[in-house]
Amino acid sequence: MGFCILSLLNLFAFLIFTSVQARGSVHARGVRGPNKYNFKRNYNVTWGLNNALLLNQETELQLSMDQKSGSGFESYNHYKSGLFHMRIKLPEKNSIGIVTAFYLSSPRSAVNDKHDELDFEFLGSNGPTYTLQTNVFVNGQGGREQKIKLWFDPTKRFHSYKILWNQFRVMFYVDDIPIRVFKNNAKIGVSYPSKPMRVIGSLWNPESWASNGIKTDWSQAPFKAKFQDFKIHGCTLQTGGNKNCHSSKLWWNSKKYQSLNVREQRVYQNVRRKYMTYDYCSDRSRHPKTPPECRRNK
């Protein structure tokens, strides 16, 4: 009993700490809180049209998944840098085998798949706790998975998820709390995402890898995920090449976003210590020799 109370107190203290420490980390230039941007202003549904439903004057999108199909959407434009954010509420019930995804991706080709990709993948669950997997693909090569257990129930209300991408680093945030950093280590031979990418959201069924062998319970269908906050802060492909999209005049390329400050670093390490359940850097069965970027990304 005493252990349970202590655990709850520790969690409560952590939530207060992270809220205070992360405050203002990626709030700049009007990103704070949900906005009422119309979905169609920056996005369109690209597959599973019958399983996509616009709500609240088209400021919210509901995707559903049944045995016939899931659904997905993507941005009209490609981007070369920026801060990309989405507010998401995950499917309730037993959603094992169902994945809700929010990610950036460059075009893929069946002939020569050299795409770049930055992933948020929320693995379905039969109740708390819920696993969030992130991944980084460069030139078609991924295998850089990290997994954390979310410290809240993401099915009860909307939470904010952000990807910051500039020429210095990629950062993943949950409710403005930094959970992952992938630095530009091109100088030591580590490839870094550089291709123009679209912003994409989807609800699909990859139970072959997402459920530890457990079959999806289709009696729980349809599974429903909701998305909000469709404003994009990014440098489009139409704006120009790397020179323009890497300009320090763009606020997400400024010095403030080139590295974590002391408070953010403390919160980031706290998340890694308490909530990380898998890190490709520590998987010796896959990487007998630690990948060169791992030590630099801590």
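The name recorded for the protein chain in an unreviewed UniProt entry is Xyloglucan endotransglucosylase/hydrolase, from Quercus lobata. Annotation of the protein chain in UniProt includes, under Function (unreviewed entry), the sentence "Catalyzes xyloglucan endohydrolysis (XEH) and/or endotransglycosylation (XET). Cleaves and religates xyloglucan polymers, an essential constituent of the primary cell wall, and thereby participates in cell wall construction of growing tissues." The heading Sequence similarities (unreviewed entry) in the UniProt record of the protein chain holds the text "Belongs to the glycosyl hydrolase 16 family."

Student: Requested: an account of the nonpolar core, with residues and values cited.
Tutor: With 52 residues, the main nonpolar core has Leu118, Phe120, Leu150, Trp151, Tyr161, Val174 and Ile179 as its most contacted residues. Counting 12 residues, the second-largest nonpolar core is a separate cluster that includes Met171, Tyr173, Trp252 and Tyr257.

Student: How would you sum up the sheet that holds strand β1 (residues 43–47)? Please name residues and give values.
Tutor: Sheet strands pair via backbone hydrogen bonds, and the direction of the pair is either parallel or antiparallel. Strand order in this open sheet of 8 strands is β1-β4-β13-β6-β7-β8-β9-β16, and the pairing throughout is antiparallel. Two strands close off the open sheet at either side, each with one partner strand: β1 and β16 (276–279). Each neighbouring strand pair of the sheet contributes to a mean axis angle of 15°, computed without reference to strand direction. With 7 bridges connecting them, strand β7 (residues 117–123) and strand β8 (residues 131–137) associate as antiparallel partners. Counted as the bridge partner of Phe122 is Leu132 from β8.

Student: Account for empty space enclosed by the protein, naming residues and giving values.
Tutor: Counted according to the given criterion, the structure contains 3 cavities of 30 Å³ or more. In this structure, the largest cavity occupies an estimated 70 Å³ of space. Lining the largest cavity are Gln146, Arg180, Val181, Phe182, Tyr268, Arg272, Asp279, Tyr280, Cys281, Cys294, Asn297 and Lys298. At the level of elements, β12 (177–183) and α5 (262–275) are the ones that each hand at least two residues to the lining of the largest cavity. Considering each element in turn, the lining of the largest cavity owes the most residues, 3 residues, to β12. For the lining of the largest cavity, the residue count by class is 6 nonpolar, 2 polar and 4 charged. Space inside the second largest cavity adds up to approximately 40 Å³. Residue lining of the second largest cavity: Leu90, Pro91, Ser95, Ile98, Val99, Thr100, Phe122, Leu123, Gly124 and Tyr130, and that is the complete set. Residue assignment for the lining of the second largest cavity shows that the elements contributing at least two residues are β6 (99–105) and β7. For the lining of the second largest cavity, the residue count by class is 7 nonpolar, 3 polar and no charged.

Parameters at a glance
- Residues numbered from 1 in each chain as written.
- Predicted model: local features only at pLDDT ≥ 70, side-chain atom pairs only at ≥ 80, totals over all residues.
- Heavy atoms only, no water.
- UniProt positions renumbered as here; feature names shortened; annotations may be inferred.
- Core = buried A, V, L, I, M, F, W, Y, C linked by side-chain atoms within 4.5 Å.
- Buried < 20%, exposed > 50% of the residue type's maximum accessible area, 1.4 Å probe, protein only.
- Pairing = 2+ DSSP bridges.
- Helix = DSSP H or I, 4+ residues; strand = E, 2+ residues; numbered from the N terminus.
- Axes fitted to C-alpha atoms, helices over the stretch in contact; angles between N-to-C directions.
- 1 Å grid on protein atoms, 1.4 Å probe; cavity = no way out; pocket = protein on both sides within 12 Å on 5 of 7 lines; lining within 4 Å.
- Points joined across faces, edges and corners; volume = space filled by probe spheres on them.
- Nonpolar A, V, L, I, M, F, W, Y, C, P; charged D, E, K, R; others polar.

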